[in-house]
Amino acid sequence: MKSSLIRDEQLRLRALEQYEILDTPADSALDDISRLAAQICNTPAAAIGVLDTNRIWFKSHPNWETPELARNAFPGDETLQDANVYEIPDLSRNKRFGANGIALGETTYRFYAGAPLTTPDGARIGLLCVLDTVARTLNEQQVEALEVLARQIVTRLELSTRMRSMDRASRTRQRVETALTVERNFVSAVLDTVGALVAVLDTAGRVVRFNRACEVISGYQVSDLIGQHLWEKLIPEEDIEDSIATFESIARGNFPATFENFWRTRDGSLRHIAWSATALLDEQNEVAFIIATGIDVTLQREAEATLRESEARYRQLIEGSLGMVFTHAEDGTLISLNRYGAESLGYSIDEMVGKPLADFVPDDEVDAVEAYLDTVCATGEAQGELRLCQRNDEIRVLAYRNRLIEVEGRPPYVLGFGVDVTEKMRAEERLRALRRQSDSILASVGDGILGIDLAGTITVVNPAGAQILGYKPQDLLGRNLHETIHHTRTDGSPEPAEGSKIQEAVHLSEPVRVSDEIFWRKDGTHVPVDYVATPLLDEGEAVGVVVAFTDTTARRELDRMKDEFVSTVSHELRTPLTSLRAALGMVASGVLQSRPEKGQQMLDIAVGNTDRLINLVNDILELERIGSGKAELHQSNVSVDELCHRAADLQQTSAAKAGIGFRFQGEGIFAWADSDRILQMLTNLISNAIKFSPAGSEIFLATRYDGDGEVCVAVHDQGRGIPADKLELIFERFQQVDASDSRAKGGTGLGLAICKSIVQQHGGEIWVESEMGRGSTFYFTLPSRPSSNLR
């Protein structure tokens, strides 16, 4: 067997060398044969190829650009193994070529048929093949024609070889004329040998060639039709106009074209012909002739008409046998049902046929069945979901697509096909529930969460993460994480993607924790973050990474404030303690026993610093109680005017010592507030005003109603004023206009911070307006009624 194959291969290679076909230029005659083969076999593509040691070379390939293929990429070897036509009806079912068939250029072919090119000495040098984009087979006439054309190609090759030999020997005119004569005889032989109808027309529509098959079908001799228009004798009168229009369309360049028409034969009978037509072009690429190949489909069309009703009833039954296939009358009575459909509901076919469809649906779905019947009868089709009851009362959901079939002479009926999607719907509902749960979890998490694939593309982002980065969630999806938020370090140097901690999580297949890094926001600023990169594993293989990150801005600010608070408190505690220790040390040493007045002064200093420490601790504890929510408000409808007078009375002694008076404005002003807290705040503001007001001045307290349910209270002094850059800072902890104020004026630097906390606890605001040398006015707002009444 092996030696036989080697001999065949050697014989084929010698024949290729003899015919000199591999190195010869393109042969237009071979292209004509290819096109003729495509026309006869009614395929979109045909080609002529020869095989050398490793490749198949296409000597004619009008339908694609590829001039060569590897031998194993085309069924050439299989074609040469048999003397007859080799067919592959469906390349997609052939293990060698796979589901995509043969791809040539932008077209994929599923059907292949090839006839070997066999030389007179038995060498099979190549093939003539036809290809189609759909699965199919050739009929006997087409197979015969393909074999004849293959023989004619070999004849053409032999002729070409002889002509080259003769041309090399003598380029005489006689030999050229002989070659042309042989060429014409060759074409005539081809046309008269094939079983298909072949007609050649000139550009005016007159018959130029008319093969033997046409003579047999029409009953006319070629001599009866040469030089005449085809429609003058063969086309029925009522079809002449359409026939002329079709011809003119092809002549204008609309080819290849397929169409069908009727021929009226010499004996008066009609034959139904299916045509494929194209144009033969001259050297100027102009249409020279129209060539049409046809098949007599009279019997085929008659058979199709006979089978039309049967196909309409049973085509979907055969194709959808794994689902519920049924027919029912227009009133819903079941006419037929497949076994699978009946058994899926726990019934036999006989138990269901003849009964209304409504008998097998839940009671609350009967109206839906009536609506379905109205729709399918009115529009001719309907699709949707139908709930059916099994024998055990379990509900099954059927996804259906049904069509009304109307056949002349028969009552209309509905052909239905349904698939049980109950389990699918249950699974989808479980999946939706899990997705909703997952989305809810992601939406409720305060930290940012990003999911990326192995390419670094963001596939998941929760709202908190998008908000931290300044994006909308949909704006981040599909973007590269590194290029979007992790591209640059704090110092401005680039952060390389390779070797990043996020990529490291993939390689290590374990979580990687990172602190004190930055991510970049949409606006170009960066946010400090801590993050954990956790690989997403599927059966042990990393398929992505989940990055959970926390915005540490607030934490860092809190750490800064804590450090600042500790530093300030340490200073505020150390200063009075140092003074207290020095005064008590001098008293305890006895050096002041001879100076009792100095000893008393030291004790007064100690008492003053002790009071200052107590006030500081009390203020710190008060701020902590308010900030932690432990200082609950006991709100009621209180008179703000009365609270202003009470606060002034409490500070009357201090005011009198400083030579400061009070003035009031406002009457009948009430607020919804905690009277003790507001009294504490007013006392604090009045105390500050006394400290910074000159002797002989006055403190002005005013109350009024503002719009939108608010009360505004103002405390005005005539003191030195507050610089503009301090107006916001003085409400922070341990912030004073002048650092020496804590020593000269007393106080802890927490009073205004406590006032701010009390106002905010009530839902109001506090601010100050001041002009240097002309005094300051502190304002705060309170609700005039409970918040529920504001709606």
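Residues numbered from 1 in each chain as written. Predicted model: local features only at pLDDT ≥ 70, side-chain atom pairs only at ≥ 80, totals over all residues. Heavy atoms only, no water.

Trainee: Mind showing me how you'd approach unusual backbone geometry here?
Mentor: Outside of glycine, negative phi angles account for most residues, and trans bonds account for most peptide bonds. The linkage connecting Phe 255 with the following residue, Pro 256, adopts the cis geometry, with an omega of 0 degrees. Looking at where Pro 256 falls in the secondary structure, it is placed in the loop between α8 (240–251) and β11 (257–264). A positive phi is found at Asn 285, a non-glycine position, where the angle reads about 65 degrees. Within the secondary structure layout, Asn 285 lies in the loop between β12 (270–281) and β13 (287–296). The exposure class assigned to Asn 285 is exposed, which follows from its relative accessible area of 57%. At Asp 393, a position not held by glycine, the phi torsion is positive, near 75 degrees. Positionally, Asp 393 belongs in the loop between β16 (381–389) and β17 (395–405). (Helix = DSSP H or I, 4+ residues; strand = E, 2+ residues; numbered from the N terminus. Buried < 20%, exposed > 50% of the residue type's maximum accessible area, 1.4 Å probe, protein only.)

Trainee: What's the story with a nonpolar patch on the surface in this structure? I'm lost.
Mentor: Together, Leu 536, Val 543 and Val 546 give the surface a local cluster of nonpolar side chains, amounting to about 210 Å² of exposed area. Residue position: Val 546 is located in strand β23 (residues 541–551). Judged by its relative accessible area of 30%, Val 546 is partly exposed. (Patch = residues over 30% accessible without salt bridge, like charges linked within 9 Å, V, L, I, M, F, W, Y side chains within 5 Å. Areas by Shrake-Rupley, 256 points an atom, 1.4 Å probe, with all protein chains shown as cover. Salt bridge = Lys/Arg side-chain N within 4 Å of Asp/Glu carboxyl O.)

Trainee: Is there a simple way to explain the pattern of salt bridges in this structure?
Mentor: Oppositely charged side chains can pair when the atoms bearing their charge come close. This structure, assessed with the given rule, holds 25 salt bridges. Close ionic contact of Glu 394 with Arg 426 constitutes a salt bridge, the shortest N to O distance being 3.4 Å. Of this pair, Glu 394 sits in the loop between β16 and β17 while Arg 426 sits in helix α13 (residues 422–444), and the two are 32 residues apart along the sequence. Exposure remark for Glu 394: the relative accessible area of 29% places this residue in the partly exposed category. For the salt bridge of Glu 771 with Arg 774, the shortest nitrogen-to-oxygen distance reads 3.9 Å.

Trainee: What is the right way to look at the nonpolar core in this model?
Mentor: If you look at soluble globular proteins, the nonpolar side chains tend to sit buried side by side. In terms of nonpolar packing, the biggest core is built from 38 residues, with Leu 682, Ile 699 and Phe 780 touching the most fellow members. Residue contributions to this core peak at eight residues, all from helix α22 (residues 675–691). Setting aside its immediate chain neighbours within four residues, Leu 682 contacts Leu 643, Cys 644, Ala 647, Val 713, Val 715 and Phe 780. In this structure, Val 50, Val 130, Leu 138 and Ile 153 belong to the second largest nonpolar core, which totals 37 residues. (Core = buried A, V, L, I, M, F, W, Y, C linked by side-chain atoms within 4.5 Å. Contact = heavy atoms within 4.5 Å.)

Trainee: When you look at the sheet that holds strand β27 (residues 698–706) in this model, what are you seeing that I'm missing?
Mentor: One key point about sheets: their strands pair by backbone hydrogen bonds, in either a parallel or an antiparallel sense. The five strands lie next to each other as β25-β27-β28-β30-β29, forming an open sheet whose pairing is mixed. Both edges of this open sheet fall to β25 (661–665) and β29 (766–771), since each of them pairs with a single strand only. Looking at each pair of strands side by side, their axes are set apart by 15 degrees on average, direction ignored. Pairing of β27 with strand β28 (residues 710–716), which is carried by seven bridges, proceeds in the antiparallel orientation. The partner of Arg 704 across the bridge, within β28, is Cys 712. Packing against the sheet, α22 makes contact with β25, β27, β28 and β30 (775–783), and its axis sits at approximately 175 degrees to β30. (Pairing = 2+ DSSP bridges. Axes fitted to C-alpha atoms, helices over the stretch in contact; angles between N-to-C directions.)

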